[in-house]
Amino acid sequence: MVLAFIISTIVAVNPREAVQAVLRQAAMFGLLTVGVGLARSRTLPPGTWLAALSLPPTLTALLGAAAAAGVFQYRDALLGSRIASTLQYPNTLAAFLTAGAILATALSVAYRDRPSDRTIRSVASAAAGLNLLVLIHTQSRGGLLVLPVAFALFIAIVPRQVRLRATLAAGTAVVAALLATPLMGRGIVEKEPQMVFLSLLITALASVAFNSLTDSIMTRATKLSMQSVIVAVVVLFMAAVAATARFAPTALVTRLARVGLAERSVLERLTWARDGLAILQDHLLFGVGGGGWASLYFQYQQFEYWTSQVHNDIVQVALETGLIGVAAFSFFLVAVVRALKIEPEGVSDDRHLAAKALLAAGLAIILHSAIDFNLSLMAIGLFTWTALGVGYGLLMPGTSESSRRARDSVVALTLWHLIPALVALVAAGTLLIADRHGEKAVSALEQGDLSAGREHFEAAIRFDPLRASYRIDLAQIYGNVARQTGDGQLLSVAYQQARRGLELDPQNPKIVGAYGVVALQNGWIDEGLWAFRRTLDLHPYYIATYENAARAFMTVALHFLETGRKTEAADLLTETQALQTRLQERSQSIPPDAPRWRQLVNNSPGLAVWVGQAKLLAGDPEGARREFEVALGGPPGIKAGALAGLAILSALDGDETRAKELRDEALRLDPRIEPDFLRLQALVLPER
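The shown structure was predicted, so the numbers you read here are calculated from the model rather than taken from an experiment. Sequence order as written defines residue numbering, which begins from 1 separately in each chain. Since the coordinates come from a predicted model, pLDDT governs what is reported: local features require at least 70, and pairs of side-chain atoms require 80 or more to be given and counted, while whole-chain, interface and lining totals use all residues. Heavy atoms throughout the structure, all of them, feed into the side-chain values; hydrogens and water do not.

1. Describing the overall build of the protein chain
Of regular secondary structure, the protein chain possesses 28 helices and two strands. Buried residues are those whose accessible area, probed at 1.4 Å on protein chains only, stays under 20% of the maximum for their type, while exposed residues exceed 50% and partly exposed ones sit between those limits. Looking at the protein chain residue by residue over its 688 residues, the buried ones come to 52%. Long-range contacts, defined as pairs at least 24 residues apart, comprise 70% of the intrachain contacts of the protein chain with a sequence gap of at least 6. Methods summary: accessible areas were calculated by the Shrake-Rupley approach with a probe of 1.4 Å, and residue burial reflects only the protein chains presented. Within the structure as shown, the protein chain displays about 30,400 Å² of accessible surface, and the carbon and sulfur contribution to it stands at 60%. Positive charge is attributed to Lys and Arg, negative charge to Asp and Glu, and no charge count is given to His or to the chain ends. To locate a charge, take NZ of a lysine, CZ of an arginine, CG of an aspartate or CD of a glutamate. Distance from the positive charge centre (61 side chains) to the negative charge centre (56 side chains) of the protein chain: 11 Å. Helix numbers and strand numbers start at the N terminus; a helix is a DSSP run of H or I with at least 4 residues, a strand a run of E with at least 2. The criterion used for residue contact is that any of the two residues' heavy atoms lie within 4.5 Å.

2. Brief notes about the nonpolar core
Core analysis: the biggest nonpolar cluster contains 92 residues, and Phe154 and Leu358 have the highest contact counts within it. Leaving out residues up to four positions away in the same chain, Leu358 has contacts with Trp49, Leu50, Leu53, Leu103, Ala387, Leu388, Val390, Gly391 and Leu394. The definition of a nonpolar core used throughout is a set of buried Ala, Val, Leu, Ile, Met, Phe, Trp, Tyr and Cys residues joined through side-chain atoms within 4.5 Å. Among the nonpolar cores identified, the runner-up in size contains 69 residues, and Tyr305, Ala552, Leu583 and Val611 belong to it.

3. Considerations on the pattern of salt bridges
The term salt bridge refers to a side-chain nitrogen of Lys or Arg lying within 4 Å of a carboxyl oxygen of Asp or Glu. Throughout the structure, instances matching the rule amount to 24 salt bridges. The residue Arg16 makes a salt bridge to Glu17 at a minimum N-O spacing of 2.9 Å. Arg16 sits in the buried class, given a relative accessible area of 4%. Between Arg269 and Asp372 there is a salt bridge, and its shortest N-O distance comes to 3.1 Å. Taken together, the residues span a long stretch of sequence, with Arg269 in helix H11 (residues 264–282) and Asp372 in the loop between helix H14 (349–368) and helix H15 (378–395) at a distance of 103 residues. A residue is classified by how much of its surface remains accessible, and Asp372, at 2% relative accessible area, is buried. One network of salt bridges, in which partners are shared, links Arg16, Glu17, Asp435, Asp464 and Arg467.

4. Quick notes on the packing of aromatic side chains
A pair of aromatic rings is counted whenever rings of Phe, Tyr or Trp (Trp by its six-membered ring) have centres within 6.5 Å, and the orientation is called stacked for planes under 30 degrees apart, edge-to-face for over 60 and tilted otherwise. Tallied over the entire structure, the rule returns 13 aromatic pairs. Both rings, one in Phe96 and one in Phe383, keep their centres 4.9 Å apart while their planes meet at 85°; by these two values the pair is edge-to-face. Of the two residues, Phe96 sits in helix H4 (residues 90–109) while Phe383 sits in helix H15, which places them 287 residues apart along the sequence. The exposure classification of Phe96 matches that of Phe383, with both residues buried. Their ring planes at 50° and their centres at 6.2 Å tell us that Trp272 and Tyr305 sit as a pair that is tilted. Here Tyr305 lies in the loop between helix H12 (292–300) and helix H13 (313–340) and Trp272 lies in helix H11, a separation of 33 residues in the sequence. Pair check on accessibility: Trp272 and Tyr305 agree, each one buried.

5. Observations concerning a nonpolar patch on the surface
A contiguous nonpolar patch, built from Ile10, Val11, Leu284, Leu285, Phe286 and Leu323 and spanning about 550 Å² of accessible area, is present on the exposed surface. Along the chain, Val11 falls in the loop between helix H1 (2–8) and helix H2 (15–41). On the basis of relative accessibility, which here comes to 37%, the residue Val11 falls in the partly exposed class. Surface patches are defined over residues having more than 30% relative accessible area and no salt bridge, joining like charges when they lie within 9 Å and nonpolar side chains (Val, Leu, Ile, Met, Phe, Trp, Tyr) when within 5 Å.

6. Describing the environment of Thr307
Topologically, Thr307 is positioned in the loop between H12 and H13. Put simply, Thr307 and Thr60 are 247 residues apart on the chain and 25 Å apart in space, counted from C-alpha to C-alpha. Among residues more than four places away in sequence, those in contact with Thr307 are Trp272, Trp293 and Tyr297.

7. Notes on the packing of H4 against helix H7 (residues 160–189)
For the pair H4 and H7, the least separation of the axes is 9 Å and the interaxial angle reads 125°. Regarding the angle of H4 to H7, the classification is oblique. For H4 against H7, the interelement crossing comes out right-handed. Contacts from Thr105, Ser108 and Val109 of H4 reach H7 at Arg165, Ala166, Ala169 and Ala170. Polar here means any residue outside two lists: the nonpolar Ala, Val, Leu, Ile, Met, Phe, Trp, Tyr, Cys and Pro, and the charged Asp, Glu, Lys and Arg; Gly therefore counts as polar. When its residues are assigned to classes, the contact of H4 with H7 shows four nonpolar, two polar and one charged. A fitted line through C-alpha atoms represents every axis, and for helices the fit uses only the stretch in contact; the resulting angles, taken between N-to-C directions, go from 0 to 180 degrees. In what follows, roughly perpendicular refers to angles from 65 to 115 degrees, roughly parallel to angles under 35, roughly antiparallel to angles over 145, and oblique to any angle outside these ranges. Should the near helix be turned anticlockwise from the far one by less than a right angle, the crossing is left-handed, and should it be turned clockwise, the crossing is right-handed.

8. Things to note about helix H24 (residues 605–617)
Helices are assigned an expected span. That span is 1.5 Å times one less than the residue count. Spanning 13 residues, H24 covers 18 Å between terminal C-alpha atoms, matching the ideal 18 Å at 1.5 Å per step. Burial of H24 is extensive: 11 of the 13 residues sit out of reach of the surface. All buried positions along H24 are accounted for by Gly606, Leu607, Ala608, Val609, Trp610, Val611, Gly612, Gln613, Ala614, Lys615 and Leu616. Against the buried residues of H24 lie helix H22 (543–562), helix H23 (566–588), helix H25 (621–631), helix H26 (636–652) and helix H28 (674–684). Following H24 by one or two positions, Gly619 has its phi on the positive side, about 85°.

9. Regarding H22
Here H22 is 20 residues long and its end C-alpha atoms lie 29 Å apart, about the 28 Å a rise of 1.5 Å per residue gives. Phi turns positive, to about 80°, at Gly564, one or two residues after H22.

10. Observations regarding the side chain of Ser199
Mapped onto the elements of the fold, Ser199 is located in helix H8 (residues 193–220). Beyond its immediate sequence surroundings of up to four residues, Ser199 is in contact with Leu133, Ala180, Leu183 and Met184.

11. So, unusual backbone geometry
Although it is not a glycine, Ser85 adopts a positive phi angle of roughly 55°. Mapped onto the fold, Ser85 is located in the loop between strand E2 (82–83) and H4. For Ser85, a relative accessible area of 1% gives the class buried.

12. Structural notes on the environment of Gly516
Along the chain, the position of Gly516 falls in helix H20 (residues 509–521). The exposure class of Gly516 is buried, given its relative accessible area of 0%. Sequence spacing of Gly516 and Glu304 is 212 residues, and the spatial spacing of their C-alpha atoms is 22 Å. What Gly516 contacts, discounting residues up to four positions off in sequence, is Gly528, Ala531 and Phe532.

13. Topic: the packing of helix H6 (residues 141–157) against H7
The geometry of H6 relative to H7 is characterised by a closest axis approach of 8 Å and an angle of 160° between their N-to-C directions. Of the possible angle classes, the one that applies to H6 and H7 is roughly antiparallel. Read as a crossing pair, H6 and H7 show a hand that is right-handed. Residues Phe151, Phe154, Ile155 and Ala156 of H6 form the contact with H7, whose own contacting residues are Arg163, Ala166, Thr167 and Ala170. Residues belonging to the contact of H6 with H7 are distributed by class as follows: six nonpolar, one polar and one charged.

In structure tokens form, the structure reads like this:
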């Protein structure tokens, strides 16, 4: 996989994101091999691995519950009534907690040789219930669909001797979580922290009690009584589900009950996957490089939508790395699936159980990643690959069973494999430093501190030289200073930075549009016009694309008219008016089965105000009037521009009183339009 991502950087549409993807894959691969090596060396007992890897999901679940209770504030830890915790995305949290619940369940049925093992099993059973309780309150429908599949896989592959215990442990943990679900739901909705914490306590105690009860029964049970226990657990489960549906908040029950192919989130994911496969078809062999989706998907969409991820990691890997990456990922999955069938000889049941639980936990996240982007998050990717590596290593022959020298060699090799992971993490750290400088630069500019903004953007580029937006923003600062001081050399530097930014992400409409703004501000007219024309091809289903292009065309057209370049100005006036026709054609191309909330309008106030100006200057006052009347429905700035246009039309009609009223109202709404109003008025009414 690492090699596939490295190869894809050669053709990457966004080199910066491609390099970041390579670093992420290198870190994941490093921890995968480290996990295999350490597990083979038998330096840690299998239960320690289960405990260590079930801890992060459990702590994340508790942090999410604490945020839901209002104990602390963390951005996006609670989205409405959906718990997202520190991952800030409820669906990914659901996948993470599914893995945590599987590992905790496995730990709760392992180790039965010492009196202290009972305490470990009790803590683990409580952790399993808590993971499931918080999972329910992520309100992730995909997560709840994957949960039974993941647990069924786990139960199917564990050693036969512990399969029944694992089944009962999983069932009782689910029941314990369901019993407390209504209380936690009310606590979140009503903002009552006592209810949230009480629900956690109830889940933990119920999980421990159920686990102890089933343990006690199984030590004395006959075949008949065990059947009775299974029936009892099923009845408890059904009763808990009924109680949850009856007493949980309506919003929670309604959301979780709405699962189907007609659901908006399902339709959107199918659309994103379809467009991702279309990108793959055009870049079949090597893909478009890591992060390429975010730059390209606007060109492939058949109606407007916004998403920085495909929400399907399988499709995302395919389009980013092409057939080479597909082959590598498929080989990896086949190896993991084959490991599920391994029945190792001479391996204890606890080690066998731990290995299969770790593999099931990793596969649970990968399975959920077919409908989301879990593996695109570094923390989740590292966890998943570590779990799979350790699980695989536990099934392999242990080096400590052959010789000390073999064991030492494996440990040494493992440490060498850790190096690329550490290098990748350090490199990722430099990108985080750059992000901090970028945030400080934006903050400085908002406060009007141009010098500090410049310094922070320069520092951000030193730590992250491949991010296009930093260079575009720095070019804008250089350009502002150069125009104020008349520094031609600095203006040349601004041009170099802007061009470099464009070269780093030339398919991204945001970058191309930002380049166009900088170009026109600094007088690079041809390049500015090219950029805005290019955005019409790159992002054709976004109304603001047409509005921004119209603004740019009219800005240049006014300049041409004021400088006597009438032929070029006339061409731009015609091109501005043609934007409406282009928009209407694009609107008609939207498939009839597209979601109704994704339809493209045929006009907008933000477009009409500029088309109105174009028609006014082209000698079509009635056409201009119709456009300005449409623009009156826009926000204050657009409405002010429309009123200014109507004021000029009233003056053309000889109604000076009405013209003054309209002009005064326009300037009251937005005084900033006065210079542009005077320019337009001077061209339409030169006698003034």
